[in-house]
Amino acid sequence: MAEAGQQDPRRGIPRTDVLLRNPVLVAAARRLGHAVVKAAVVAAQRRARDGEIAPDQVAAAAAADLDARERTPTTLRRVLNATGVVLHTNIGRAPLTPAARHALEQAAGYVDVELDLATGRRARRGRGTTEALLAAVPAAAAALVVNNGAAALVLATTALAAGRDVLVSRGEMVEIGDGFRLPDLIAGAGARLVEVGTTNRTSVRDYAGAIGPDTAAILKVHPSNFRIEGFTSAASIPELAELARTHHLPLVVDIGSGLLHPEPLLPEEPDATSVLAGGATVVTSSGDKLLGGPQAGLLLGDTDVVERLRRHPLARALRVDKLTLAALEATLRGGPTVVEAFLHADPDALRARCARIAEEVGGRVVPSNGAVGGGGAPGVTLGGWAVALPEGYAAHLRHADPAVLARVESGLTLVDLRCVPAGSDDELVAAIRAVTAAVDAAARDRA
Ligand SMILES: *Cc1c(COP(=O)(O)O)cnc(C)c1O
């Protein structure tokens, strides 16, 4: 016992001031600041006092802790999306293109977001992004970018109809997710919603019959996250545009997903070009759904109306930062988006990748139906392939680094490769192998 006392681990623990002179920790302090390094040192000393590490490991433990902190500066964890669902709101919707990622890096410093470098005077904020939008959608005369799709809709209805009536079909009074309902959003903006038609059928005559002296706008919302089937009908954009024109009303269309042009794979998904060509005054949409960009809200359409929205005081509260403007512009000017690539992933290539992974980890290759997700194209399934593993794997895979989010279906964990970049297959294999090893070890412990 006396000997144990002599080996009191506390005795050899280096002092704080000595540790803070360690060259590795001095270098870390230059990058992370003194307080952070000191906290890591104190934590490592505590671990030594608790007998968790040896006294001579304190400096190394603090350095390892700081290194991990630098590698993951936030609590956000990288996720490999093995669900087969392209747009998943819980994991940040659209993954950005390489060009958009590069643009974010560049815009992180000072940039001429609101300055004309030629004259040295203030310039219109985000003009490069607006130009890119107009180049991508020539049917739009003007464009404005706000914080998200909901903000675009709120701005349009507030600026055009506060204190007055907005006509909307009963079949389009949708909840966009997490309890947020369009009617509440619009009512919160101070406009009165006037419901027309019925849940399953609304005709242009229903709108015409509801127009009164207080009507300020007609709104059409794409019911993007559900489908009503059977005996249904809705007024078309050209019909509504004609009615709106006759009554000198703006027609606002919320297309939701942000498709700029028709996508043959998703024939029921409206796109900005077609809706504007059909006569809409303003189209609103998200930037991070099928457009494949950062979170943003787009307003595209008539010059006078978009100018009115731009000058409305609310626009200032909903404005986007330089990072969003940069990533959106790069997405628009770049080539095909990551979202497009995942939507159009070649099933044969997916199957071949699945076969390789299954061979390495001992799973089975099974057909797997992916989806657009993110409140887009309900009912459309994307045929692909997955590696089937035991059901219990899904929870373990979420704890991998990067985390792997798989789908659980019919008592199996399905690792669907549609939305996993091919370059990440090795990470996926490593994560699955680690789970197998952990599961095997647990089984041995029980035996
Ligand atoms: C997704 C969606 C919204 C909300 O857009 P956010 O960018 O999530 O704010 C609004 N309307 C429709 C039709 C949508 O699909």
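Please refer to the structure higher up on the page.
The structure reproduced in this document is the subject of the present report. (Residues numbered from 1 in each chain as written. Predicted model: local features only at pLDDT ≥ 70, side-chain atom pairs only at ≥ 80, totals over all residues. Heavy atoms only, no water.)

1. Topic: the pattern of salt bridges
Here the idea is simple: oppositely charged side chains can pair when their charged atoms come close. Evaluated as defined, the whole model comprises 23 salt bridges. For Glu307, the salt bridge goes to Arg311, with nearest N and O atoms at 3.8 Å. Placement of both Glu307 and Arg311 in helix α13 (residues 303-311) is noted, with a separation of four residues, approximately one turn of the helix. Here Arg407 makes a salt bridge to Asp416, at a shortest N to O gap of 3.6 Å. Taken as a pair, Arg407 and Asp416 share a single burial class, namely buried. One salt-bridge network, held together by shared partners, links Arg124, Glu307, Arg310 and Arg311. (Salt bridge = Lys/Arg side-chain N within 4 Å of Asp/Glu carboxyl O. Helix = DSSP H or I, 4+ residues; strand = E, 2+ residues; numbered from the N terminus. Buried < 20%, exposed > 50% of the residue type's maximum accessible area, 1.4 Å probe, protein only.)

2. A word on the sheet that holds strand β17 (residues 412-416)
Strand order across the open sheet formed by six strands is β1-β16-β17-β15-β14-β2, with mixed pairing between neighbours. Of all the strands in the sheet, the pair left with one neighbour each is β1 (79-82) and β2 (85-87). Between one strand and the next, the sheet's axes are offset by a mean angle of 40°, whatever the strand orientation. Taken together, the two bridges between β2 and strand β14 (residues 364-373) define a ladder with parallel strand orientation. Paired with Leu87 across the bridge in β14 is Gly373. (Pairing = 2+ DSSP bridges. Axes fitted to C-alpha atoms, helices over the stretch in contact; angles between N-to-C directions.)

3. Here we look at the nonpolar core
Within the largest apolar cluster, 36 residues are counted, with the highest numbers of intra-cluster contacts made by Ile218, Leu251 and Leu300. Elements supplying a minimum of two residues to this core: α7 (127-136), β5 (142-146), α11 (237-246), β11 (251-256), α12 (272-277), β13 (297-301) and α15 (322-333). Among the elements that line this core, the one with the most residues is α11, at five residues. Once residues within four sequence positions are removed from consideration, Leu251 is found in contact with Ile218, Ile237, Leu240, Ala241, Ala244, Gly279, Ala280, Thr281 and Val282. Judged by nonpolar contacts, the second largest core, of 28 residues, contains Val146, Leu155, Ala191 and Leu219. (Core = buried A, V, L, I, M, F, W, Y, C linked by side-chain atoms within 4.5 Å. Contact = heavy atoms within 4.5 Å.)

4. As for helix α19 (residues 425-446)
Here α19 contains 22 residues, and its C-alpha end-to-end distance of 32 Å stays within 8% of the 32 Å for a straight helix at 1.5 Å per residue. Considered for burial, the residues of α19 that qualify are Asp425, Leu428, Val429, Ala431, Ile432 and Val435. Down the axis of α19, the sector holding all buried residues measures 165°, keeping them to one side. Of the exposed residues in α19, the ones pointing more than 90 degrees away from its buried face are Asp426, Arg444 and Asp445. Buried-residue contacts for α19 involve β1, α17 (347-361), β15 (381-390), α18 (393-398), β16 (403-409) and β17. (Expected span 1.5 Å × (residues − 1). Arc of directions from axis to C-beta.)

5. Quick look at the packing of aromatic side chains
Aromatic rings considered in pairs are described by the distance between their centres and by the relative angle of their planes. Summed over the entire model, instances satisfying the criterion amount to zero aromatic pairs. Just above the ring of Trp385 sits the side chain of Arg351; from NZ or CZ to the centre is 4.0 Å. (Phe/Tyr/Trp six-rings, centres within 6.5 Å; stacked < 30°, edge-to-face > 60°. Lys NZ or Arg CZ within 6 Å of the ring centre and 35° of its normal.)

6. Things to note about the pairing of β11
Where burial is concerned, most of β11 is hidden: six out of the six residues are buried. Side-chain alternation along β11 places Leu251, Val253 and Ile255 on one buried face and Val252, Asp254 and Gly256 on a second face that is also buried. Traced from β11 through α12 to strand β12 (residues 282-286), the parallel crossover comes out right-handed. (Right-handed = clockwise from strand over helix to strand, strands pointing away.)

7. Some points on the side chain of Thr157
By the element assignment, Thr157 lies in helix α8 (residues 149-161). Beyond its immediate stretch of four places on either side in the chain, Thr157 contacts Ala162, Val166, Ile186, Ala189 and Ala191.

8. Some points on the packing of α8 against α13
Where α8 meets α13, the axes come as close as 9 Å, and the angle between the chain directions of the two elements is 100°. The angle between the axes of α8 and α13 places the two elements in the roughly perpendicular class. Counted together, Leu155, Ala156, Ala159 and Leu160 of α8 and Val305, Arg308 and Leu309 of α13 form the full contact between these two elements. The residue inventory of the contact of α8 with α13, partitioned by class, reads six nonpolar, no polar and one charged. (Parallel < 35°, antiparallel > 145°, perpendicular 65-115°, else oblique. Nonpolar A, V, L, I, M, F, W, Y, C, P; charged D, E, K, R; others polar.)

9. As for helix α3 (residues 23-32)
Put simply, Asn22 is the residue that caps the front of α3, since its side-chain oxygen is 2.8 Å from the backbone nitrogen of Val24. Gly33 occupies a position one or two residues after α3 and carries a positive phi of about 95°. (Polar contact = N/O pair within 3.5 Å; in protein donor to acceptor, adjacent residues only side chain to side chain.)

10. A closer look at the sheet that holds strand β10 (residues 215-221)
Taking strand neighbours across the sheet as the criterion, the seven strands line up as β5-β13-β12-β11-β10-β6-β9 in an open arrangement whose pairing is mixed. Where the open sheet ends on each side, the last strands, each with one partner, are β5 and β9 (192-196). Here the average twist between neighbouring strands, direction ignored, is 25°. Contacts from α7 reach β5 and β13, with the element oriented near 125° to β5. Across the sheet, α8 touches β5, β6 (165-169), β10, β11, β12 and β13, and the angle it forms with β13 is around 45°.

11. Structural notes on the packing of α17 against α19
At their nearest, the axes of α17 and α19 sit 10 Å apart, and the two run at 30° to each other. On the basis of the axis angle, α17 is roughly parallel to α19. Judged by the sense of rotation from one axis to the other, the crossing of α17 with α19 is right-handed. Along its contact with α17, which presents Arg353, Arg356, Ile357, Glu360 and Val361, the element α19 presents Asp425, Asp426, Leu428, Val429, Ile432 and Arg433. Counted by class, the contact of α17 with α19 contains five nonpolar, no polar and six charged residues. (Left-handed = near helix turned anticlockwise from the far one by under 90°.)

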